[in-house]
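Examining the three-dimensional arrangement
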Amino acid sequence: MKRVRQFFSRYRNGLQRAGAVLLALAVWQGLAMGVGQQLLVPSPLSVVERLGGIWQEADFWGTVWFTFRKIVAGFLLGLGFGLGLGALAGRFPLFEILFRPWATMIKSIPVASFIILALVWLSAGNVPILAGLLMVVPVVYANVTQGIEAADPQLLEMARMFGWKRPKVWRRILLPTALPPFLAACEACVGMCFKATIAAEVIGVPRNAMGTQLYHAKIYLQTDALMAWTVVIILLSMVTEKLLREAIERGRRRVHHP
């Protein structure tokens, strides 16, 4: 009995997660049995079978890589623009006032509306990058701006009295203050970037994209394929978030313990 308790105590988190997954699958299976139509609610087994078939298709990895590149490109560009704009807004109030209407517009405009409008200007293959970028920029911009504005005025005054140059002020005071909210924005934006990029692919229907596969599955009423590709996207998003979280933790440790 003691060993059993130790086992459950040691692996409690893993067992709880496994139990939650099994419960979700049971509810899914019960719903599929209750509806009784694979077209409306396919069973978990049928989705797994379809996933196995998709996995073996010749262009599977090419499709995944095509979309993943767009997601990464939009995410990194969004981080760069958000960081730069947030740094300017945090240090120069006039810039923050001038950029405020644009930031509000980017946050408020519906994703679908912007994607349709962007298809007039850009090719279907480039719209997903822009969609992901615009999901990331407002969050990073707001977090970086607030982080820099939260810098201790007494430290800034001390730096001015000692004649610190601007690069040193950024390195010693502003960047450490803005880093935690910036990293939090990075974690929050991964899932948003995935959603926006896939949505742009569903609307724009570029060749060899995961969003295009979702669109085709919907057109041909292949609900099991639709859910199978959704599972692929969820798994890819989870792996990406985990890798990013580990990278962020390593960065934090280097900052605090150089």
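Residues numbered from 1 in each chain as written. Predicted model: local features only at pLDDT ≥ 70, side-chain atom pairs only at ≥ 80, totals over all residues. Heavy atoms only, no water.

Counted according to the given criterion, the structure contains two cavities of 30 Å³ or more. The space that makes up the largest cavity amounts to roughly 60 Å³. Every element with two or more residues in the lining of the largest cavity is listed here: helix H6 (111-121) and helix H7 (127-149). The element contributing the most residues to the lining of the largest cavity is H7, with three residues. Computed from the structure, the second largest cavity encloses a volume of approximately 30 Å³. Along its surface, the second largest cavity is lined by Glu-187, Val-190, Glu-241, Leu-244 and Arg-245. Broken down by secondary-structure element, the contributors of at least two residues to the lining of the second largest cavity are helix H9 (166-204) and helix H11 (223-256). (1 Å grid on protein atoms, 1.4 Å probe; cavity = no way out; pocket = protein on both sides within 12 Å on 5 of 7 lines; lining within 4 Å. Points joined across faces, edges and corners; volume = space filled by probe spheres on them. Helix = DSSP H or I, 4+ residues; strand = E, 2+ residues; numbered from the N terminus.)

So, on to helix H10 (residues 210-219). If you check which residues of H10 are buried, you get Met-210, Gly-211, Thr-212, Leu-214 and Ala-217. Two residues or fewer past H10, Leu-221 is found with a positive phi of approximately 55°. (Buried < 20%, exposed > 50% of the residue type's maximum accessible area, 1.4 Å probe, protein only.)

Another aspect to go through is the pattern of salt bridges. Under the definition given, this model contains four salt bridges. Where Arg-50 meets Asp-224, a salt bridge forms, and the shortest distance between an N and an O atom there is 3.3 Å. Taken together, the residues span a long stretch of sequence, with Arg-50 in helix H3 (residues 44-55) and Asp-224 in helix H11 at a distance of 174 residues. On the accessibility criterion, Arg-50 (26% relative accessible area) is partly exposed. Residue Asp-224 is classed as partly exposed on the basis of its relative accessible area, which comes to 22%. Glu-96 is the partner of Arg-100 in a salt bridge, and the nearest nitrogen-oxygen pair spans 2.6 Å. One end of the pair is Arg-100 and the other is Glu-96, both in helix H5 (residues 93-108) and four residues apart, which spans about a single turn. (Salt bridge = Lys/Arg side-chain N within 4 Å of Asp/Glu carboxyl O.)

The next thing to look at is the packing of aromatic side chains. A full pass over the atoms with the stated rule returns seven aromatic pairs. Judged by centre distance (6.3 Å) and plane angle (35°), the ring pair of Trp-65 and Phe-68 falls under tilted. Remark: Phe-68 and Trp-65 occur in helix H4 (residues 60-91); sequence separation between them is three residues, near one turn of the helix. Relative to Phe-99, the ring of Phe-95 has its centre 5.9 Å away and its plane inclined at 10°; by these criteria the two rings are stacked. Placement of the pair is Phe-95 and Phe-99 together in helix H5, with a separation of four residues, close to one helical turn. Through a chain of ring-to-ring contacts, the aromatic side chains of Trp-55, Phe-60, Trp-61 and Trp-229 assemble into a single cluster. (Phe/Tyr/Trp six-rings, centres within 6.5 Å; stacked < 30°, edge-to-face > 60°.)

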